[in-house]
Amino acid sequence: MWFDHHVHMEHGPYSPLEYPIAWLEEFLAVGEGRGVSGIGIVEHAYRFTEAQGLLPGEWSRQRCRYPLAGYTAFLDVVRPSYPIAVGLEMDYVPENENGIRTFLSRYPWDFVLGSIHFIGDFGLDVSEMKEQYFHQPVEEIWTQYYAYSMKAAQSGLFQAITHPDLPKIYGFQKPPESFLLGLYREFVEVLADMGVALEINTAGLRRPVKEIYPHPALLAEANRAHVPITFASDAHEPENVGLYFPQARVLAREAGYDTVVFFGPRGMEHIAL
Ligand SMILES: [Zn+2]
Ligand SMILES: [Zn+2]
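Everything quoted here is computed from the prediction, not taken from an experiment.

Rules of the game
- Residues numbered from 1 in each chain as written.
- Chains lettered and ligands numbered in written order.
- Predicted model: local features only at pLDDT ≥ 70, side-chain atom pairs only at ≥ 80, totals over all residues.
- Heavy atoms only, no water.
- Phe/Tyr/Trp six-rings, centres within 6.5 Å; stacked < 30°, edge-to-face > 60°.
- Helix = DSSP H or I, 4+ residues; strand = E, 2+ residues; numbered from the N terminus.
- Buried < 20%, exposed > 50% of the residue type's maximum accessible area, 1.4 Å probe, protein only.
- Salt bridge = Lys/Arg side-chain N within 4 Å of Asp/Glu carboxyl O.
- Donors = N, O, S within 2.8 Å, 3.2 Å for Na, K, Ca; no water.
- Tetrahedral: all angles 85-135°; square planar, octahedral: opposite > 155°, others 65-115°.
- Axes fitted to C-alpha atoms, helices over the stretch in contact; angles between N-to-C directions.
- Left-handed = near helix turned anticlockwise from the far one by under 90°.
- Contact = heavy atoms within 4.5 Å.
- Nonpolar A, V, L, I, M, F, W, Y, C, P; charged D, E, K, R; others polar.

Chemist: Before we go on, may I ask you to explain the packing of aromatic side chains in this structure?
Modeler: Ring pairs (aromatic) are described by centroid distance and by the angle formed between their planes. Scanning all chains against the criterion turns up 22 aromatic pairs. Summarising the aromatic geometry, the rings of Tyr19 and Phe74 are spaced 4.9 Å apart at their centres and angled 20 degrees between planes, so their arrangement reads as stacked. Taken together, the residues Tyr19 in the loop between strand S1 (2–7) and helix H1 (21–33) and Phe74 in helix H3 (residues 68–78) connect sequence positions 55 residues apart. The exposure class of Phe74 is buried, given its relative accessible area of 7%. Following the ring pairs from residue to residue traces out a cluster consisting of Tyr19, Phe48, Tyr71, Phe74, Tyr107 and Trp109.

Right, dumping it as structure tokens:
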């Protein structure tokens, strides 16, 4: 039994003004075939007009087009009758922390995922910006990335931090292992102190890097620091729900984990691996 903690419904017949329940049922049906008994639904916060002014980068600022109420009305309908947890994937911008807190307080989410997709205007996973990886030293990019990630964890706004080594997405050269290890250790200490979970995100296998997020070395540090983990496909279509979870399980077991968690209507729950 798995819980897929990071599923977007934003493609297919869906529009942010209309969320067909049949579309949700397709995600659940595919999941069931892969042993996924529940999913965590998230919208990107940048879709919503109420998040205008809170987000990083012009790229996300141009996408705040839809009322949050359309999403929450759908959640109100499906919450009682489907095996789901409901949340948001929120970009964290330290300067906007108070505004983000107010934005998040608009609805009783089961969980909120904290994400670092941007360093300033540089979208780490925005393909038309990938040249920017060559405009500054890689050490700088990775250091900034973990500085933001630690601040996100320290904010207390999030239950889990997503795809926690996103700058590897294109498979470009990374800083030396010893350098990264220093960043990983600092990061997991903050997660442990704040009781924030780390996400194992299998979408990395569908990206040029062809690796699950995070790297096994980060996962091993997280386990040493007793940081809980979640499993996530980051599916945007039903076909990807629960995809590569057996590989995620192997990775988690090798790092020393024997349970995975999810944040549902009853708070944090454990699943044996
Ligand atoms: Zn993301
Ligand atoms: Zn996502």
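Chemist: Would you mind going over the pattern of salt bridges with me for this structure?
Modeler: Think of it this way: side chains of opposite charge can pair up when their charged atoms draw near. Under the definition given, this model contains eleven salt bridges. Its salt-bridge partner being Asp121, residue Arg61 comes within 3.8 Å of it at the nearest N-O pair. Taken together, the residues span a long stretch of sequence, with Arg61 in helix H2 (residues 57–61) and Asp121 in the loop between strand S5 (118–119) and strand S6 (122–123) at a distance of 60 residues. Residue classification places Asp121 among the partly exposed residues on the basis of a relative accessible area of 46%. Ionic pairing is found between Lys168 and Glu211, a salt bridge with its closest N-O pair at 2.9 Å. Here Glu211 lies in the loop between strand S8 (197–201) and helix H7 (216–224) and Lys168 lies in the loop between strand S7 (160–161) and helix H6 (177–194), a separation of 43 residues in the sequence. Taking relative accessible area as the criterion, Lys168 reaches 1% and is therefore assigned buried. Each of Glu10, Glu43 and Arg47 takes part in a single network of salt bridges with overlapping partners.

Chemist: Explain the coordination of the zinc ion (ligand 1) here, please?
Modeler: Each angle at a metal carrying four tetrahedral donors should ideally be 109.5 degrees, and each at a metal carrying six octahedral donors should ideally be 90 or 180 degrees. Within the protein, the zinc ion (ligand 1) binds to Glu89 (OE), His117 (NE2) and His163 (NE2); these donor distances fall in the range 2.1 to 2.2 Å. Donor residues for the zinc ion (ligand 1), ordered by position in the chain, follow E-x27-H-x45-H. Residue classification places His117 among the buried positions, given a relative accessible area of 5%.

Chemist: Just checking my understanding: could you explain the coordination of the zinc ion (ligand 2) for this structure?
Modeler: For the zinc ion (ligand 2), the protein coordination sphere consists of His6 (NE2), His8 (NE2), Glu89 (OE) and Asp234 (OD), at 2.1 to 2.4 Å. One can describe the site at the zinc ion (ligand 2) as irregular: its four donor atoms subtend angles covering 81 to 169 degrees at the metal. Binding-site remark: the zinc ion (ligand 2) is held by donors from one chain whose sequence spacing is H-x1-H-x80-E-x144-D. Taken as a pair, the zinc ion (ligand 2) and the zinc ion (ligand 1) show a spacing of 3.4 Å, with Glu89 coordinating each metal. On the criterion of sequence distance, the pair formed by Glu89 in strand S3 (residues 84–91) and Asp234 in the loop between strand S9 (229–232) and helix H8 (245–254) is long-range, its members being 145 residues apart. The pair Glu89 / Asp234 is uniform in exposure class, with both members buried.

Chemist: Would you mind showing me how to read the packing of H6 against H7 here?
Modeler: Two elements in contact, H6 and H7, have axes separated by 9 Å at closest approach and are oriented at 35 degrees. With respect to the hand of their crossing, H6 and H7 are arranged in right-handed fashion. Packed against H6, whose contacting residues are Leu181, Tyr184, Arg185, Phe187 and Val188, the element H7 presents Ala217, Leu218, Glu221 and Ala222 at the interface. A per-class count over the contact of H6 with H7 returns seven nonpolar, no polar and two charged.

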